[in-house]
Amino acid sequence: MYYTKDTILFLNGKFIKAVDAHTDLYSQTLHYGFGAFEGIRAYQTMNGVKIFKAQEHFERLKKSCALVGIPFHYETEDLVQIAYQLLSKNNLSDAYIRPLVYCGPNMILTPAQDVYLMMCAWEWDKYHGDNMLKLCISSYQRPNPNSLKMEAKVTGHYVNSILATSEAKVRGYDDALMLDMYGNVGEASGANFFLEKNGVLYTPALGHILPGITRQTVLNICRELEIPVVERNIRAEELEGADGAFSCGTAAEIAGIESIDAKPFA
Ligand code: PMP
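Residues numbered from 1 in each chain as written. Predicted model: local features only at pLDDT ≥ 70, side-chain atom pairs only at ≥ 80, totals over all residues. Heavy atoms only, no water.

Q: Explain the pairing of strand S5 (residues 48–51) to me, please; I cannot follow it from the model alone.
A: Put simply, side chains in a regular strand alternate between the two faces of the sheet. Here strand S4 (residues 40–45) runs beside S5; their pairing, made up of 4 bridges, is antiparallel. Among the inter-strand pairings, Tyr43 is bridged to a residue of S5, identified as Lys50. Here S4 hands over to S5 after 2 residues, the two strands then running antiparallel side by side. (Pairing = 2+ DSSP bridges. Helix = DSSP H or I, 4+ residues; strand = E, 2+ residues; numbered from the N terminus.)

Now the structure itself:
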C-alpha cells in the first residue's frame, strides 16, 4: 500500500524504483533503532504543490542527527529540492513524505560512520480520519528526558508510541495520551496536545515531548489571532474540568478530542 512497482524513491543520491531498493540487514538502525526520520505533508494549493513547513522539517531532521551523533551533512535546501523532485517523479500532490537517515552495518554501540538517506512519499489520508477522537490515559509514560534526546525524532523512540497505541486500541480507544514521568500531560502517541478552558488554550511546555512543528504553527497562529495560549505543565487532573481539547501533528493534522478515559468534554 505504500508503493507499487512504479514508485520512485530517493536513495543515497539517486532516484530509483522502490522495488529495486535494498538495505543491509546488518544496519545499526535495524538492530538498535538508531536512525532519524521525519514526517512531512505536501498539499495541492492554488499555487501548485507546496510542502508544509519544509525547511522546519528538514532542519529538525538535521538536528535529530546532530543530537544523537549521526553524521549527516545534507544542506536543508538540497533536501527540500529532493522532496519536490520526489513528488513530481511520482506524480503526487497531496502526499506524505518520509525521509529516513539510517546507518550502515555496526553491531557495537557507538554511532556507525556509514550513513544513508532514503526519502519516499505516498498518498496518506488524515491519520485518524475526520472523527472526534476517544483517548485514554496510557499506562506508558513518555521517556525520562535524561535517558534520550526528547527533541530528536529518532526511530527507536517510537517503540514507546507503538506500545501506547497498541494498549489504547486493545482497550477500545482511538489513541493514547501519555503523561510524563512527573504525571504531567505529555503528548499523544504521535501528536502534541492542546486543552481549552474558559477561552484559553493550554499546551504542555517543552522538555518531555517532541517539539512538534504543527504545535509551533498553532502557537504562531494563536498569537497572530490574539487567542490566549499558555505553554505550561498540565496536571492530568485538570483534563476533567476542561472545555475541549485537540491533538495536532503532521500525520493527524488537527484532530478534535471527544473524550479522555470515556469522560466527554462539556
Ligand atoms: N509528538 C510525537 C511523539 C510525534 O511523533 C509527532 C509527529 N512527528 C508529533 C508530536 C507532532 O510533530 P509534528 O507536528 O512536527 O508532526
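Q: Is there a simple way to think about the packing of aromatic side chains in this case?
A: Between two aromatic rings, the relevant description is the distance of the centres plus the angle of the planes. As enumerated under the stated definition, the model contains 9 aromatic pairs in all. Residues Trp122 and Trp124 carry aromatic rings whose centres are separated by 5.5 Å and whose planes lie at 70° to one another, so their mutual orientation is edge-to-face. Given a relative accessible area of 10%, Trp122 falls into the buried group. With relative accessibility at 24%, the residue Trp124 sits in the partly exposed group. Measuring from ring centre to ring centre gives 5.0 Å for Phe194 and Phe246, while their planes differ by 10°; the resulting arrangement is stacked. Residue Phe194 is found in strand S11 (residues 192–197), and its partner Phe246 is found in strand S14 (residues 244–249); the two are separated by 52 residues along the sequence. Relative accessible area serves as the criterion here: at 0%, Phe194 is assigned to the buried category. Classification of Phe246 by relative accessible area gives buried; the value is 17%. Of the aromatic side chains, those joined through ring pairs into one cluster are Tyr2, Tyr96, Trp122 and Trp124. (Phe/Tyr/Trp six-rings, centres within 6.5 Å; stacked < 30°, edge-to-face > 60°. Buried < 20%, exposed > 50% of the residue type's maximum accessible area, 1.4 Å probe, protein only.)

Q: For this particular structure, what's the right way to read the environment of Met181?
A: Assignment of secondary structure puts Met181 in the loop between strand S9 (175–179) and strand S10 (185–188). Of the residues examined, Met181 reaches a relative accessible area of 31% and is grouped as partly exposed. Along the sequence, Met181 and Thr45 sit 136 residues apart, while their C-alpha atoms lie 42 Å from each other. Excluding residues within four positions of it along the chain, Met181 makes contact with Gln141, Arg142, Asn144, Pro145 and His208. (Contact = heavy atoms within 4.5 Å.)

Q: Looking at this structure, how should I read the nonpolar core?
A: The nonpolar side chains of a soluble globular protein tend to be buried, and buried together. With 27 residues, the main nonpolar core has Ile51, Phe58, Phe72, Leu87, Ile97, Val101 and Met119 as its most contacted residues. Elements represented by at least two residues in this core include exactly S4, helix H2 (54–68), helix H3 (76–89), strand S6 (95–103) and strand S7 (115–122). In contact with Leu87, not counting residues within four places along its chain, are Ala42, Val49, Ile51, Leu92, Ala95, Ile97 and Ala121. Listed in part, the 18 residues of the second largest apolar core include Leu179, Phe193, Ala242 and Ala245. (Core = buried A, V, L, I, M, F, W, Y, C linked by side-chain atoms within 4.5 Å.)

Q: Honestly, the side chain of Arg60 in this entry has me stumped. Any pointers?
A: Relative to the elements of secondary structure, Arg60 occurs in helix H2. Overall, the relative accessible area of 10% leaves Arg60 in the buried class. A polar contact of 3.2 Å, which involves the side chain of Arg60, links it to the backbone oxygen of Pro211. The residues touching Arg60, leaving out its near neighbours within four places in the chain, are Glu38, Lys153, Leu210, Pro211, Gly212 and Ile213. (Polar contact = N/O pair within 3.5 Å; in protein donor to acceptor, adjacent residues only side chain to side chain.)

Q: Looking at this structure, how should I read the side chain of Thr29?
A: As for its position among the elements, Thr29 is in helix H1 (residues 28–32). Relative accessible area serves as the criterion here: at 12%, Thr29 is assigned to the buried category. One polar contact links the side chain of Thr29 to the main-chain carbonyl oxygen of Phe34, over a distance of 2.8 Å. Excluding its chain neighbours within four sequence positions, the residues that come into contact with Thr29 are Phe34, Gly35, Tyr102, Cys103 and Thr155.

Q: Would you mind going over the site of the ligand with me for this structure?
A: Tyr158, Glu187, Ile213, Thr214 and Thr250 are the nearest of the 16 residues found near the ligand. In the model, an oxygen atom of the ligand is placed 2.5 Å from a nitrogen or oxygen of the Tyr158 side chain. Side-chain polar atom of Thr250 to an oxygen atom of the ligand: 2.6 Å apart, as the coordinates give it. In isolation the ligand exposes 380 Å². Once the protein is present, 96% of that is buried. Here the shell around the ligand is built from residues that sort into 5 nonpolar, 7 polar and 4 charged. (Near = heavy atom within 4 Å. Areas by Shrake-Rupley, 256 points an atom, 1.4 Å probe, with all protein chains shown as cover. Nonpolar A, V, L, I, M, F, W, Y, C, P; charged D, E, K, R; others polar.)

Q: Looking at this structure, I do not really get H2. What am I missing?
A: The periodicity of an α-helix, 3.6 residues per turn, causes residues three or four positions apart to be oriented the same way. Between its first and last C-alpha atoms H2 spans 22 Å; for 15 residues at 1.5 Å apiece the expected length is 21 Å, and the two agree. All buried positions along H2 are accounted for by Ala54, His57, Phe58, Arg60, Leu61, Ser64 and Cys65. The arc enclosing the buried residues of H2, seen along the axis, measures out at 150°, which places them on a common side. Two residues or fewer after H2 comes Gly69, characterised by a positive phi angle close to 90°. (Expected span 1.5 Å × (residues − 1). Arc of directions from axis to C-beta.)

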